[in-house]
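Here is how the chains run, residue by residue.
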Amino acid sequence: MKVVLFCGGYGMRMRNGASDDVPKPMAMVGPRPLIWHVMRYYAHFGHTEFILCLGYGAHHIKDFFLSYEETTSNDFVLRGGRTELLSTDISDWTITFAQTGIESPIGERLRRVRHHLDGDEMFLANYADVLTDAPLDEMIDRFAARDAGASMMVVPPQSSFHCVELGENGLVGGITAVSDMPLWENGGYFVLRQEVFDHIPENGDLVADGCAQLAKRGRLVAHQHRGFWKPTDTVKERAALDAAYARGDRPWAVWEQAGAGARA
């Protein structure tokens, strides 16, 4: 299945100043940028046709793949001055780089790459800056068996704050951690049918317009995931992922776990 990735936003909370024009998906986690980790996740499940919805800082993403160094994340043998790779990351990937506008909302970005989907009944879509260990094959199989227009992964609230229940005269009736409340957040990792385009207007949004309209019609399903899921909206969140990578704590790298199992 084709994978549409939204990677054209400004990422203001990730930037280090006005002179920093690197888009958020290019923020580094270990030796590779966020977008690579997301794409490597999909490739692990056999989905290697990517459509990148570019916008702000597009040249950084293009340059990364045009000058891709396989030796950065793969073992190799140097023999007679020549490099012999023992494995590769992207040799079987097909990547379409599509400029979808600087200010375009996500729904509009999706509309602008519709022709690249070749009319496929089902396709995948996601943000390019959120990592997970969710079972993608299971999500797809469940959705394929349902009569619905879209599926979205939902996760428990990530906030560390507490909600306060107020009674009369300002008395506190209870305090509950947000993460313990019966609420779910949009976690991305969408599985979509062409039907979603019927509900996204020009300059519309995928979630607020497309998914909301499908929900009203009983055409949106959710995949609940309580495992690893981390967004990367701020420098602090990116640094935490980078530190986790350095100490070998990277549950999102399902491809590494599969390799370890094969070698055991």
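Analysis parameters
Residues numbered from 1 in each chain as written. Predicted model: local features only at pLDDT ≥ 70, side-chain atom pairs only at ≥ 80, totals over all residues. Heavy atoms only, no water. Buried < 20%, exposed > 50% of the residue type's maximum accessible area, 1.4 Å probe, protein only. Helix = DSSP H or I, 4+ residues; strand = E, 2+ residues; numbered from the N terminus. Arc of directions from axis to C-beta. Contact = heavy atoms within 4.5 Å. Phe/Tyr/Trp six-rings, centres within 6.5 Å; stacked < 30°, edge-to-face > 60°. Lys NZ or Arg CZ within 6 Å of the ring centre and 35° of its normal. Patch = residues over 30% accessible without salt bridge, like charges linked within 9 Å, V, L, I, M, F, W, Y side chains within 5 Å. Areas by Shrake-Rupley, 256 points an atom, 1.4 Å probe, with all protein chains shown as cover. Salt bridge = Lys/Arg side-chain N within 4 Å of Asp/Glu carboxyl O.

Under an unreviewed UniProt entry, the name given to the chain is Glucose-1-phosphate cytidylyltransferase, and the organism recorded is Streptomyces osmaniensis.

Structural notes on helix H2 (residues 58-66)
Of the positions making up H2, those classed as buried are Ala58, Ile61, Phe64 and Phe65. Taken down its axis, H2 places every buried residue within 130° of arc, on the same side. Buried residues belonging to H2 abut strand E1 (2-7), strand E3 (32-33), helix H1 (34-44), strand E4 (49-54) and strand E7 (94-99).

Describing unusual backbone geometry
The backbone phi angle of Asp118 is positive, close to 55°, even though this residue is not glycine. Secondary-structure assignment places Asp118 in the loop between helix H3 (106-112) and strand E8 (122-127). Positive phi is not limited to glycine here, since Tyr189 has a value of about 50°. Its location among the elements puts Tyr189 in the loop between strand E13 (185-186) and strand E14 (190-193).

Re the packing of aromatic side chains
What describes a pair of aromatic rings is the distance from one ring centre to the other and the angle between the planes of the rings. Within the structure shown, the criterion is met by 14 aromatic pairs. With a centroid separation of 6.4 Å and 5° between ring planes, the pair formed by Phe65 and Tyr68 is classed as stacked. Judged by relative accessible area, Phe65 falls into the buried class, the value being 9%. Ring pairing ties together the aromatic residues Tyr41, Tyr42, Phe45 and Tyr189, which thus form one cluster. Directly above the aromatic system of Phe143 lies the positively charged group of Arg193, at a separation of 4.4 Å from the ring centroid.

Remarks on the side chain of Thr132
Locating Thr132 in the fold gives a position in strand E9 (residues 130-132). Residue classification places Thr132 among the buried residues on the basis of a relative accessible area of 1%. Contact partners of Thr132, with chain neighbours within four places excluded, come to Tyr41, Met153, Tyr189, His225, Phe228, Trp229 and Trp252.

Description of a nonpolar patch on the surface
Residues Val164, Leu166, Val172 and Ile175 make up a contiguous nonpolar surface patch of about 400 Å² in total accessible area. On the secondary structure map, Val172 appears in strand E12 (residues 172-177).

Comments concerning the pattern of salt bridges
Under the defined criterion, the tally for this structure stands at 17 salt bridges. Among the salt bridges present, the one from Arg32 reaches Asp89, with a minimum N-O distance of 3.6 Å. Placement of Arg32 in strand E3 and of Asp89 in the loop between strand E6 (82-85) and E7 is noted, with a sequence separation of 57 residues between them. Each member of the pair, Arg32 together with Asp89, is buried. In this structure, Arg193 engages Glu121 in a salt bridge whose closest nitrogen and oxygen atoms are separated by 3.2 Å. In this pair, Arg193 is assigned in strand E14 and Glu121 in the loop between H3 and E8, connecting sequence segments 72 residues apart. A relative accessible area of 11% places Arg193 in the buried class. Via salt bridges that share partners, Lys2, Glu49, Asp118 and Asp120 belong to a single interconnected network.

Things to note about H1
In terms of burial, H1 is largely enclosed, as 10 of its 11 residues are buried. Burial in H1 covers these residues: Leu34, Ile35, Trp36, His37, Val38, Met39, Arg40, Tyr41, Tyr42 and Ala43. Following H1 by one or two positions, Gly46 has its phi on the positive side, about 95°.

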